[in-house]
Amino acid sequence: MMSKSTALAFIIAALSYSFLFSSSPKHHYHELFLSASFSDNASVALNLRTLTRRPHVAGTAANAEAAEYVRSVFTSSSLKSHVVAYQVSLTYPFHRSLVLTPTESANPITLELEQEQVGDSPYADEVMPTFHGYAKSGNVSGPVVYANYGRVEDFVRLKKEMGVNVSGAVVIARYGQIYRGDIVQNAYEAGAVGVVIYTDKRDYGGDEWFPESRRMPPSGVQVGTVYNGLGDPTTPGWASVEGCERLSDEAVELSGDAPLIPSLPVSAADAEVILKTVFGDVADGDVYPVGPGPGILNLSYTGETVIAKIENVIGVVQGEEEPDRYVILGNHRDAWTYGAVDPNSGTAVLLEIAQRLDKLQKRGWKPRRTIILCNWDAEEYALIGSTEWVEENREMLSSRAVAYMNVDCAVSGPGFHASTTPQLDELIKLAAQEVQDPDNATQTIYDSWIGSGNSVVIGRLGGTGSDYASFVQHVGVSAVDMRFGGGYPVYHSIYDDFTWMEKFGDPMFQRHVAMASVFGLVALRLADEEVLPFNYITYASELKKSAEDLEKLGHTIDVSPLIKSIEDLSTSAQGINKEKEGIKGALKVREINDRLMMAERAMTDRDGLSERPWYKHLVYGPSKYDDYGSKSFPGVDDAIENAKKLNTKASWENVQHQIWRVSRAVRQASLVLKGELR
């Protein structure tokens, strides 16, 4: 529980931020940015329609065409724009088949592996066959075992509670709980020879489906990558520039991030055919028998690996007073098919912001700090475009990046959501109070966000679900990710198109406009406020909650070093907030801003997470068993999971060591905020 003194300091900081924003000399421009005369639903819709006209997978001509369109909008919006290209390893499907033998005496059934077309797109023949990016090529056969969501606990249940041997089997698992690459890895560790992942009607379908409803049709397939790393697999830790050093295919396979058994995604309709041939016990709470067999499934997949050109499109608005401080806004452009929600709702928002910034500049506005708009490529494969750019510019970003703002699936329905590094929490809340809720004209986004609970839920950025990952987890840049809506049924399928968005996601495109408003307002405040609007009291409070959860472990684990470091961070945060009051002099402002900016970097460690050294952030990083899962203290979490399995003295001592590592990082952050050498 937060102490009274900490709570009071928290309130004072929030009030001081509110006063600071309203009294800013550029506040007039921020109001203009939000005005109806600056927003344009029709322009947003036109941009989205243009971007989603053709399927545009990374490395294809259609995606290069989309890149040129984004650059043309940047250029016409008075942004200094350029393209940063990389040569990266991508995979495409060459051959795939699934043949099911229901019983020994039955004739084999060759499954369709096709998504039924809806509408009359002239570019339907450009849709790539369903596949998993970076899937291992192979031809395997085995009895079918149903593994629910493919989580670690699902395989534990199969083995220990139900006595099912997965060794030599082809696993069928459903999407919906963890990252698909972790499903494949978990199946491999359980002894499976192949994996089929499907979209279950219970999670994605319904009695009606697209185009009559927003639900996934029975033939719909969620495609996606199964690589467990970030960036080009052949250049781990360095940028994929032309002529660079590359790992061999064999070295990539041995890296630990590449899948080691073949896999394919399938539809609910194809999965139903397979599951009808699986007998045996039914797990508690489920409806399908787990097998094994008697159905035998032959999975054959051959992928083609190529070195392809990808293109990040960069647009810059130069800062006037501090051009060497960067506020970076990013969204990716590439899609597995048409990508109306993922990712081009975010691209349309980014372009709307570019056009509004152009209008501001024509009214005389110039940002204090440099604003950089980035349209990433090849995110779907492994966050490649953003990761390569971060790796290439690592040192510059480490010393100059104020914050990174990400928008991916910007709009899939109603309801505002935000995830941040905690020093940005108050900034997001205040911005949400100034933008009208697109679904209720009588309230703000903040009003609808808090709902009946009188509080907001803000997520954290420990997962690797989008392009913020390299900024936060590799360099230690504060960040935010925003969206309207949550998971949506037609994700990564051919039905994620403009028609779906126009009918179900955002019929009037007012959610896109609202997202551009709140996202852009946060960017303007980060770029224009004299003193950066960071509040590390929130950070300390958040860390204290996570540390208290660790205390419940027992096993003689001592969390007191971490608690002490967090208390020091809270004290330093209160101290720097007091320093902001009545601050005078450009040099002093710069010095305080540098401390606020660099405190996040101090949460990183040059050695990174154990066995995952690319991930440098010791507070926020992905779970080892679910890349989508956001964890506080990921190194501690990994050590705990290992200790629970081994239950040895050495394994629990490693948990204690990881706690010490985090405590040292948090203490470094408190020293940075304090700004004094010991």
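Our subject is the structure listed above.
Residues numbered from 1 in each chain as written. Predicted model: local features only at pLDDT ≥ 70, side-chain atom pairs only at ≥ 80, totals over all residues. Heavy atoms only, no water.

**Student:** An account of the overall build of the chain is requested, with residue identities and associated values reported.
**Tutor:** Check the secondary structure of the chain and you find 23 helices and 16 strands. Relative to its length of 678 residues, the chain is compact, with a C-alpha radius of gyration of 25 Å against a globular reference of 26 Å. In terms of overall dimensions, the chain has a C-alpha envelope of 85 × 65 × 55 Å along the principal axes. Put simply, the chain has 678 residues, and 60% of those count as buried. A separation of at least 24 residues holds for 79% of the contacts in the chain among residues at least 6 apart in sequence. Of the accessible surface of the chain, which amounts to about 26,100 Å², a share of 51% is contributed by carbon and sulfur atoms. Within the chain, the 88 negative side-chain charges are centred at a point lying 7 Å from the centre of the 63 positive side-chain charges. (Helix = DSSP H or I, 4+ residues; strand = E, 2+ residues; numbered from the N terminus. Rg over C-alpha atoms; globule rule 2.2 N^0.38 Å. Buried < 20%, exposed > 50% of the residue type's maximum accessible area, 1.4 Å probe, protein only. Contact = heavy atoms within 4.5 Å. Areas by Shrake-Rupley, 256 points an atom, 1.4 Å probe, with all protein chains shown as cover. Lys, Arg positive; Asp, Glu negative; His and termini not counted. Charge placed at Lys NZ, Arg CZ, Asp CG, Glu CD.)

**Student:** Before we move on, can you summarise the packing of aromatic side chains with the specific residues and values?
**Tutor:** Two descriptors summarise a pair of aromatic rings, namely the distance from one centre to the other and the angle between the planes of the rings. Evaluated as defined, the whole model comprises 22 aromatic pairs. Ring geometry for Y92 versus Y381: centroids 6.4 Å apart, planes at 85 degrees, classification edge-to-face. Pair noted here: Y92 is in strand β1 (residues 80–101) and Y381 is in helix α11 (residues 379–382), with a separation of 289 residues, a long-range link. For Y92, a relative accessible area of 13% translates into the label buried. For Y381, a relative accessible area of 0% translates into the label buried. Taking the centre distance of 6.4 Å and the plane angle of 45 degrees together, the rings of W389 and F471 count as tilted. (Phe/Tyr/Trp six-rings, centres within 6.5 Å; stacked < 30°, edge-to-face > 60°.)

**Student:** Go over the pattern of salt bridges, please, and point to the residues and values.
**Tutor:** Applying the stated rule across the entire model yields 41 salt bridges. Linked through salt bridges whose partners overlap, the residues forming this network are E322, D324, R325, R368, R369, R590 and D594. (Salt bridge = Lys/Arg side-chain N within 4 Å of Asp/Glu carboxyl O.)

**Student:** Go over the environment of M482 with me, naming the residues and quoting the values.
**Tutor:** Inspection of the secondary structure assignment puts M482 in strand β14 (residues 479–484). When the C-alpha atoms of M482 and C409 are compared, they prove to be 8.5 Å apart, with 73 residues separating the residues in sequence. Excluding its chain neighbours within four sequence positions, the residues that come into contact with M482 are M405, N406, V407, F416, H417, A418, I428, M515, V518, F519 and V522.

**Student:** Would you mind going over the side chain of E388 in detail, with residue names and values included?
**Tutor:** Mapped onto the elements, E388 comes out in helix α12 (residues 384–392). It is R246 that comes nearest to the buried, bridge-free E388 among opposite-charge side chains, at 7.2 Å. Within the local environment of E388, its side chain forms a polar contact with the backbone nitrogen of D232, the two atoms lying 2.9 Å apart. A distance of 3.4 Å separates a polar atom in the side chain of E388 from a polar atom in the side chain of T235. Excluding residues that lie within four positions of it along the chain, E388 makes contacts with Y86, V88, G231, D232, T235, W238, A239 and S240. (Polar contact = N/O pair within 3.5 Å; in protein donor to acceptor, adjacent residues only side chain to side chain.)

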